[in-house]
Amino acid sequence: SRATLFDAENKVKITFNDVAGLEEAKEEIKEIVEYLQFPDKFKKLGAKIPKGALLVGPPGTGKTLLAKAVAGEAGVPFFSLSGSDFVEMFVGVGAARVRDLFKQAKEKAPCIIFIDEIDAVGRSRGRGAMPGSNDERENTLNSLLVEMDGFATDSGIIIVAATNRPDVLDPALLRPGRFDRQISIDKPDVIGREAIFKVHLKPLKLSSDVNIQKLSSQTPGFAGAEIANVCNEAALIAARRDREEVTMQDFQDAMDRVIGGLEKKNKLISPEE
Ligand code: ATP
């Protein structure tokens, strides 16, 4: 809504158990949980705790989920905003919003700040389509850089950002002391999809004919978000059919519907590109 500047969650319930697959990414990001929980362990040895990590990967692969799980595991508040919220904003609002976010985060530290779609604000400066049209975005990016430099590494704030376009990011964002670590989050393979299906099938009442291996092998190219979508869609279809349990047929129809939706989306997008 217009009134909220960003989201703040004080008690995050998501943990690494909710994030299926992504074993390497989880392993890497566990370090951040340690920084938040035991900063002294690092400071004692003279180590500077990193300020930020960049999660790189296609939409719907669990980047937001993983960042949230870090907050859940460390038991710290989770502040989040999306870079796309800053697009077409009135002059000065974006920069003010960033300052306000960091101010509140400092009060609540230790905490996580999550910036989704950072490429929307973090595109290389001076690479806009029309000269002059991106001033406000650049203001916002500049204020983000100023805020990142302005807090000490031991202030207990860690910024996790997500993008599927690391190539367009302003190099200033990737400098040491800013988002100097990248963690890649890929679309799941068949084993990963099976793990994700397991998470999202758990709340459903399933017929004995439902075969997870089959579902996983029939969904190549699906990201976690689409798998979650298939599971819920199958349950909705089963309810509409007045079933007591969700059957394999319901999943089949749900997959067709999700694939149809994906194709439509691609058709709408591709002529523009
Ligand atoms: P975007 O870049 O579009 O914001 P994202 O990578 O941040 O996408 P999420 O918002 O984390 O993706 O994923 C959307 C939903 O898909 C999650 O809330 C979850 O229900 C499901 N999901 C995605 N990936 C996974 C996963 N690895 N394990 C379990 N659920 C997943």
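Fair warning: this is a prediction, and the values are worked out from it, not measured in the lab.

### Some remarks on the side chain of Ser80
Thought 1: Within the secondary structure layout, Ser80 lies in strand S3 (residues 78-82).
Thought 2: Among residues more than four places away in sequence, those in contact with Ser80 are Phe6, Asp7 and Phe114.

### So, the packing of helix H4 (residues 93-108) against helix H6 (residues 135-150)
For any two helices packed against each other, one specifies the crossing angle of their axes together with the interaxial distance.
Thought 1: Two elements in contact, H4 and H6, have axes whose closest approach is 7 Å; the angle formed by their N-to-C orientations is 20°. Judged by the inter-axis angle, H4 sits roughly parallel to H6. For the element pair H4 and H6, the recorded crossing hand is right-handed. Contacts between H4 and H6 involve Val93, Gly94, Ala95, Val98, Arg99, Phe102 and Lys106 from the first element and Glu136, Asn139, Thr140, Ser143, Leu144, Glu147 and Met148 from the second.

### Some words on the packing of aromatic side chains
Thought 1: Taken as a whole, this structure holds three aromatic pairs when the rule is applied.
Thought 2: With a centroid separation of 4.8 Å and 75° between ring planes, the pair formed by Tyr35 and Phe42 is classed as edge-to-face.
Thought 3: Given the relative accessible area of 10%, Tyr35 is considered buried.
Thought 4: Against the face of Phe151 rests Lys51, its NZ or CZ located 4.9 Å from the ring centre.

### A short note on the site of the ligand
Thought 1: Around the ligand sit 17 residues in total, of which Ala20, Gly60, Lys63, Thr64 and His200 are the nearest.
Thought 2: His200 is positioned such that a nitrogen or oxygen atom in its side chain is 2.9 Å from a nitrogen atom of the ligand.
Thought 3: Within the backbone of Ala225, a nitrogen or oxygen atom sits 3.4 Å from an oxygen atom of the ligand.
Thought 4: Burial of the ligand by the surrounding chains reaches 76%, relative to a free accessible area of 630 Å².
Thought 5: Of all elements in the fold, only helix H3 (63-74), helix H7 (190-201) and helix H9 (224-240) reach the threshold of two or more residues within the shell around the ligand.
Thought 6: Here the residues of the shell around the ligand sort into eight nonpolar, six polar and three charged.

### Re the nonpolar core
Thought 1: Ile29, Ile32, Leu36, Val70, Ile112, Ile158 and Val160 are the most contacted members of the largest nonpolar core, which totals 29 residues.
Thought 2: Among the elements of the structure, helix H1 (23-37), strand S2 (52-56), H3, strand S4 (111-116) and strand S5 (157-163) are those that each provide at least two residues to this core.

### Details of the pairing of S5
Thought 1: With seven of seven residues buried, S5 lies mostly within the body of the structure.
Thought 2: Side chains Ile157, Ile159, Ala161 and Thr163 project from S5 onto one buried face, and the interleaved Ile158, Val160 and Ala162 project onto a second face that is buried too.
Thought 3: As defined by bridge partners, S2 adjoins S5 across five bridges and the pair is classed as parallel. Residue pairing in the sheet places Ala53 in a bridge with Val160 of S5.
Thought 4: Of the strand pairs in this sheet, S4 and S5 are connected by five bridges, and their pairing is parallel. Counted as the bridge partner of Phe114 is Val160 from S5.

Criteria and cut-off values
- Residues numbered from 1 in each chain as written.
- Predicted model: local features only at pLDDT ≥ 70, side-chain atom pairs only at ≥ 80, totals over all residues.
- Heavy atoms only, no water.
- Helix = DSSP H or I, 4+ residues; strand = E, 2+ residues; numbered from the N terminus.
- Contact = heavy atoms within 4.5 Å.
- Axes fitted to C-alpha atoms, helices over the stretch in contact; angles between N-to-C directions.
- Parallel < 35°, antiparallel > 145°, perpendicular 65-115°, else oblique.
- Left-handed = near helix turned anticlockwise from the far one by under 90°.
- Phe/Tyr/Trp six-rings, centres within 6.5 Å; stacked < 30°, edge-to-face > 60°.
- Buried < 20%, exposed > 50% of the residue type's maximum accessible area, 1.4 Å probe, protein only.
- Lys NZ or Arg CZ within 6 Å of the ring centre and 35° of its normal.
- Near = heavy atom within 4 Å.
- Polar contact = N/O pair within 3.5 Å; in protein donor to acceptor, adjacent residues only side chain to side chain.
- Areas by Shrake-Rupley, 256 points an atom, 1.4 Å probe, with all protein chains shown as cover.
- Nonpolar A, V, L, I, M, F, W, Y, C, P; charged D, E, K, R; others polar.
- Core = buried A, V, L, I, M, F, W, Y, C linked by side-chain atoms within 4.5 Å.
- Pairing = 2+ DSSP bridges.

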